[in-house]
Amino acid sequence: MNPLNHVAIIMDGNGRWGLNNKNSRIAGHKAGLYVVEDIINQTLNLKIKYLTLFAFSTENWRRPKKEINYLFSLLEKFLNKNLVKFHKKNIKLKILGRKNFSKKLNNLLLKAEKTTFKNDELQVNLALNYGSKYEIINAIKKIKNSNKKITIENFSQNLLTKNIPDPDLLIRTGNTKRLSNFLLWQLAYAEIFFEKKLWPDFNEKDYLKILNKFRKIKRNFGNI
Ligand code: FPP
């Protein structure tokens, strides 16, 4: 059975779910948030050490302002509701991406990171304002300025995921097969599962099914 240390998820399909079920895209985001909470708790119970969730990409700024603002208000609610609970459960929260939101949200994100910094049962990375190409360019600039040699290890240490092991498994819901500028370097050897269900319909049973399939894959890493 494969060890499973790190699961990454592209939570796609909120907008379509909202339109199909409530005639409103933002209703899909609201429904998707419940699934986020369930999957975090299940990951904790399964003793997986890292969970990375793609919550907002650098490209998502192209969306209507109303939807963006709604997403950020959901994020605020999520943190206000869960920060103490997560801390009690020994969950560490880390933001991957530049915090250039409202002062209130930036401070809340900083507080979440600071409060949970020493926790070590599960690390939840929220990719927010995250774009992998930007992250890679930035790593190159940092290495260039430091005059150090470019090596795989040194490069990895200059990414936002510094000290985080690469994901073993990527799940993308929403019946779309693409990476959308998410962890392009880090996913080099991940097993990828594309799930037809839209994110708000994804549940604990679906998650377990994928994890069980993952466990049985023969992972070669280039070997035979
Ligand atoms: C992609 O679905 C989803 C997002 C861009 C946002 C993800 C947000 C959540 C799951 C809820 C909030 C989460 C947190 C952590 C506060 P989409 O809108 O692109 O769906 P579509 O492809 O159907 O349009």
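Remember, it's a predicted structure, so these values are computed and weren't measured experimentally.

Rules used throughout
- Residues numbered from 1 in each chain as written.
- Predicted model: local features only at pLDDT ≥ 70, side-chain atom pairs only at ≥ 80, totals over all residues.
- Heavy atoms only, no water.
- Buried < 20%, exposed > 50% of the residue type's maximum accessible area, 1.4 Å probe, protein only.
- Helix = DSSP H or I, 4+ residues; strand = E, 2+ residues; numbered from the N terminus.
- Pairing = 2+ DSSP bridges.
- Near = heavy atom within 4 Å.
- Polar contact = N/O pair within 3.5 Å; in protein donor to acceptor, adjacent residues only side chain to side chain.
- Areas by Shrake-Rupley, 256 points an atom, 1.4 Å probe, with all protein chains shown as cover.
- Nonpolar A, V, L, I, M, F, W, Y, C, P; charged D, E, K, R; others polar.
- Arc of directions from axis to C-beta.
- Contact = heavy atoms within 4.5 Å.
- Axes fitted to C-alpha atoms, helices over the stretch in contact; angles between N-to-C directions.
- Parallel < 35°, antiparallel > 145°, perpendicular 65-115°, else oblique.
- Left-handed = near helix turned anticlockwise from the far one by under 90°.
- Core = buried A, V, L, I, M, F, W, Y, C linked by side-chain atoms within 4.5 Å.
- Salt bridge = Lys/Arg side-chain N within 4 Å of Asp/Glu carboxyl O.

Structural notes on the pairing of strand S4 (residues 122-130)
Phase 1 of the analysis: Here S4 lies mainly inside the structure; 9 of its 9 residues are buried.
Phase 2 of the analysis: Relative to S4, strand S2 (residues 50-57) runs parallel, the two being bridged by 7 bridges. Considered in S4, the bridge of Phe-54 is made with Ala-127.
Phase 3 of the analysis: Pairing between strand S3 (residues 91-96) and S4: 6 bridges, direction parallel. Of the residues in S4, the one forming a bridge with Ile-95 is Leu-126.

Observations regarding the site of the ligand
Phase 1 of the analysis: Every one of the 16 residues lining the ligand counts as a neighbour, but Asp-12, Gly-15, Arg-16, Arg-25 and Arg-63 are closest to it.
Phase 2 of the analysis: A distance of 2.9 Å separates an oxygen atom of the ligand from a polar atom in the side chain of Asp-12.
Phase 3 of the analysis: A distance of 2.7 Å is found between an oxygen atom of the ligand and a backbone nitrogen or oxygen belonging to Arg-16.
Phase 4 of the analysis: For the ligand, whose free accessible area comes to 630 Å², the fraction covered by protein is 92%.
Phase 5 of the analysis: Put simply, the parts of the chain that give the shell around the ligand at least two residues each are helix H1 (14-22), helix H2 (25-45) and helix H3 (65-88).
Phase 6 of the analysis: Here the residues of the shell around the ligand are counted per class, giving 7 nonpolar, 5 polar and 4 charged.

Description of H1
Phase 1 of the analysis: All of the buried residues along H1 are Asn-14, Gly-15, Trp-17 and Gly-18. Taken down its axis, H1 places every buried residue within 160° of arc, on the same side.
Phase 2 of the analysis: On its buried side, H1 packs onto H2.
Phase 3 of the analysis: Two residues or fewer past H1, Asn-23 is found with a positive phi of approximately 60°.

Concerning the packing of H2 against helix H7 (residues 204-216)
Angle between the axes and distance between the axes: these two values describe a pair of packed helices.
Phase 1 of the analysis: At a minimum axis separation of 10 Å, H2 and H7 run at an interaxial angle of 45°. With respect to each other, H2 and H7 are oriented oblique. As H2 runs across H7, the sense of the crossing is right-handed. In this structure, H2 uses Asp-38, Ile-39, Gln-42 and Thr-43 to contact H7, whose residues at the interface are Glu-204, Tyr-207 and Leu-208.
Phase 2 of the analysis: Looking at the contact of H2 with H7 residue by residue, the classes come out as 3 nonpolar, 2 polar and 2 charged.

Regarding the sheet that holds S3
What links the strands of a sheet is backbone hydrogen bonding, and the strands pair in either a parallel or an antiparallel sense.
Phase 1 of the analysis: Taking strand neighbours across the sheet as the criterion, the 6 strands line up as S3-S4-S2-S1-S5-S6 in an open arrangement whose pairing is parallel. The outermost strands of the open sheet, each flanked by one partner alone, are S3 and strand S6 (191-194). Adjacent strand axes in the sheet meet at a mean angle of 20°, parallel and antiparallel pairs treated alike.
Phase 2 of the analysis: H7 rests against strand S1 (6-10), S2, strand S5 (169-172) and S6 of the sheet, and its axis sits at about 145° to S5.

Points about the nonpolar core
Phase 1 of the analysis: In this structure, Val-7, Ile-9, Ile-40 and Tyr-207 are the most contacted members of the largest nonpolar core, which totals 45 residues.
Phase 2 of the analysis: Aside from chain neighbours lying at most four places away, what touches Ile-40 is Leu-51, Leu-53, Phe-78, Phe-86, Ile-91, Leu-122 and Val-124.
Phase 3 of the analysis: Counting 11 residues, the second-largest nonpolar core is a separate cluster that includes Ala-8, Ile-10, Ala-127 and Leu-187.

Re the pattern of salt bridges
Phase 1 of the analysis: Using the criterion set out here, one finds 10 salt bridges in the structure.
Phase 2 of the analysis: The residue Arg-16 makes a salt bridge to Asp-12 at a minimum N-O spacing of 3.3 Å.
Phase 3 of the analysis: Overall, Asp-12 belongs to the buried group, its relative accessible area being 19%.
Phase 4 of the analysis: Measuring nitrogen to oxygen at the nearest pair gives 2.9 Å for the salt bridge that ties Lys-197 to Asp-206.
Phase 5 of the analysis: By relative accessible area, which is 31% here, Lys-197 ends up partly exposed.
Phase 6 of the analysis: It is possible to trace a salt-bridge network through shared partners that takes in Asp-12, Arg-16 and Arg-172.

Some details on the packing of H3 against helix H4 (residues 103-116)
Phase 1 of the analysis: The interhelical angle for the contact between H3 and H4, taken along N-to-C directions, is 20°, at an axis separation of 10 Å. The pairing of H3 with H4 is recorded here as roughly parallel in orientation. Seen along the crossing, H3 lies across H4 with a hand that is left-handed. Of H4, the residues touching H3 (which contributes Phe-72, Leu-75, Glu-76, Leu-79, Asn-80, Leu-83 and His-87) are Lys-104, Leu-105, Leu-108, Leu-109, Lys-111, Ala-112, Thr-115 and Thr-116.
Phase 2 of the analysis: Split by residue class, the contact of H3 with H4 holds 8 nonpolar, 4 polar and 3 charged.

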